[in-house]
Structures are given as structure tokens and as C-alpha cells.
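Residues per chain are reported as follows:
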Amino acid sequence: MTKVMVAIASGSEEIEAVSIIDVLRRAEIIVDVVSIEANKRLDIVASRGVKLMADIHISEIDATNYDMLVLPGGVPGSEAFRDCESLIAMLKQRNAKQWLAAICAAPAVVLAEHNLLGDAAVTCHPGFQQQLPQNQLSLDRVVVDQPHKLITSQGPGTAIEFSLALIAQLKDQDSADQVAAPMVLA
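Here's a quick rundown of the structure.

Quick notes on the sheet that holds strand β6 (residues 68-71)
Part 1: Read from one edge to the other, the open sheet built from 7 strands follows the order β5-β2-β1-β6-β7-β9-β8, with strand pairing classed as mixed. Across the chains shown, the open sheet's two edge strands, defined by having one partner strand only, are β5 (56-57) and β8 (142-145).
Part 2: As paired elements, strand β7 (residues 99-103) and strand β9 (residues 150-153) share 4 bridges and run parallel to each other. In the sheet register, Ala101 faces β9, and the bridge partner there is Ile151.
Part 3: Its contacts with the sheet put helix α1 (residues 14-26) on β1 (3-8), β2 (30-35), β6 and β7, and the angle it makes with β2 is roughly 155°.

So, helix α3 (residues 85-92)
Part 1: Taken as a whole, α3 has its buried residues at Leu87, Ile88, Met90 and Leu91. Along the long axis of α3, the arc covered by the buried residues comes to 160°, so they all point the same way. Exposed residues on α3 whose side chains face more than 90 degrees from its buried face are Glu85 and Lys92.
Part 2: Of the surrounding elements, those touching the buried residues of α3 are β1, β6, α2 (77-83), β7 and α4 (106-112).

Topic: the packing of α1 against helix α5 (residues 159-170)
Part 1: One way to put it is that α1 packs onto α5 with a least axis distance of 9 Å and a crossing angle of 35°. α1 and α5 meet at a crossing whose hand is right-handed. Side by side, α1 and α5 meet where Ile15, Glu16, Ser19, Ile20, Val23 and Leu24 of the first sit next to Ala159, Ile160, Phe162, Ser163, Leu164, Leu166 and Ile167 of the second.
Part 2: Class assignment for the residues of the contact of α1 with α5 results in 10 nonpolar, 2 polar and 1 charged.

Comments concerning helix α6 (residues 173-180)
Part 1: For α6, the set of buried residues is Ser175, Ala176, Val179 and Ala180. Viewed along the axis of α6, the buried residues span an arc of 135°, placing them on a single side of the element. Opposite the buried face of α6, by more than 90 degrees, sit the exposed residues Asp174 and Gln178.
Part 2: As for α6, its buried residues are in contact with α1 and α5.
Part 3: N-capping of α6 is provided by Asp172, with a side-chain oxygen placed 3.2 Å from the backbone N of Asp174.

Basis of the calculations
- Residues numbered from 1 in each chain as written.
- Predicted model: local features only at pLDDT ≥ 70, side-chain atom pairs only at ≥ 80, totals over all residues.
- Heavy atoms only, no water.
- Pairing = 2+ DSSP bridges.
- Helix = DSSP H or I, 4+ residues; strand = E, 2+ residues; numbered from the N terminus.
- Contact = heavy atoms within 4.5 Å.
- Axes fitted to C-alpha atoms, helices over the stretch in contact; angles between N-to-C directions.
- Buried < 20%, exposed > 50% of the residue type's maximum accessible area, 1.4 Å probe, protein only.
- Arc of directions from axis to C-beta.
- Left-handed = near helix turned anticlockwise from the far one by under 90°.
- Nonpolar A, V, L, I, M, F, W, Y, C, P; charged D, E, K, R; others polar.
- Polar contact = N/O pair within 3.5 Å; in protein donor to acceptor, adjacent residues only side chain to side chain.

Don't take any of this as a statement about function, it's just geometry.
Structure below.
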């Protein structure tokens, strides 16, 4: 069974976090919502004041059990990810089979900051694009770099599209299309 970790922190972007969790679960992908908060706190207040509850704390997971590690964006959520030593260690130690996905500020604030992009093609929120290596920057809404097993996207308005791209890589395009159809996307 396919299993994904979606990290959350106080200040994570709620549209992105909830869209990713919801859309992946529609594809019958197991999703663990993982808090990085201090004192093993599972509840967070997202960037626009929405309260979210994680399934588990980062101190209680083994990152090697996941097929994909996903970072929603938002500020200060992405900054919290950037500063979380245990999360960064997991991202740096991911194995060759694991996908990494990040949206909005996270590709720049977390991945670029910790040299986790390699030479992959990448995108992020337009307000953070100057923080990415310009020779790797794509202006596409969602960028799937298969050789590097990296998927990035631009922001809340691309969250569903991003989530469907995750399904397409974890399962197949047919599965992504089956999830998209009843969602009445434009």
C-alpha cells in the first residue's frame, strides 16, 4: 500500500495542507499527517487561523516507511520546517525510491536552503522564486522532475493540480484522472 507523510507546523498554508491530504486519501493512499511542533503537540494553527490536528508527531515516525515526503508551504510554516533538525535529517536521508514534494514557499525556504534540490527543475511561489537557482527555475504551475523524484508547485491555487501530480507519480495517471473527475475541476 502506498504511504505518504505530509508534515504540518504552526503557520503551514491550510489550503495546501488540506488539499494534499484530502486528494491523496481520495486515491486510497495512506496519509500520515505529521506534526513537527515542540512537546509532541499534534494541533497547529495554520497561516490563516484554521486549526489542524496531526495524526502523529515526527518523533514517532520512521521516514523510510513512506513512499513520499510532502511539505505544504506557508510562512512561518516553511520556516519552521527549515529549522526542524529532525525533519531536515529525514529529507537528507531519503532513499532513492522516495519522492519528495514541496509547494509554495517550501521549495525555496526549505529545500533550496538545505541544498536538497540537486540540479532538478523546480518552481515555487512567485514571491520566493528569486531564492531558487535561476538556471533550474521553471515558471510552470507544477514541476515533476522524475530523475530527482521531486515535485514542486507554486501555491494555494495550484494545490489540487499538485496533489493530482503526486497521485500520478505514486500510482498512475489513470488513478489521478479518476480522482479528478468527480471533483468537477475546470
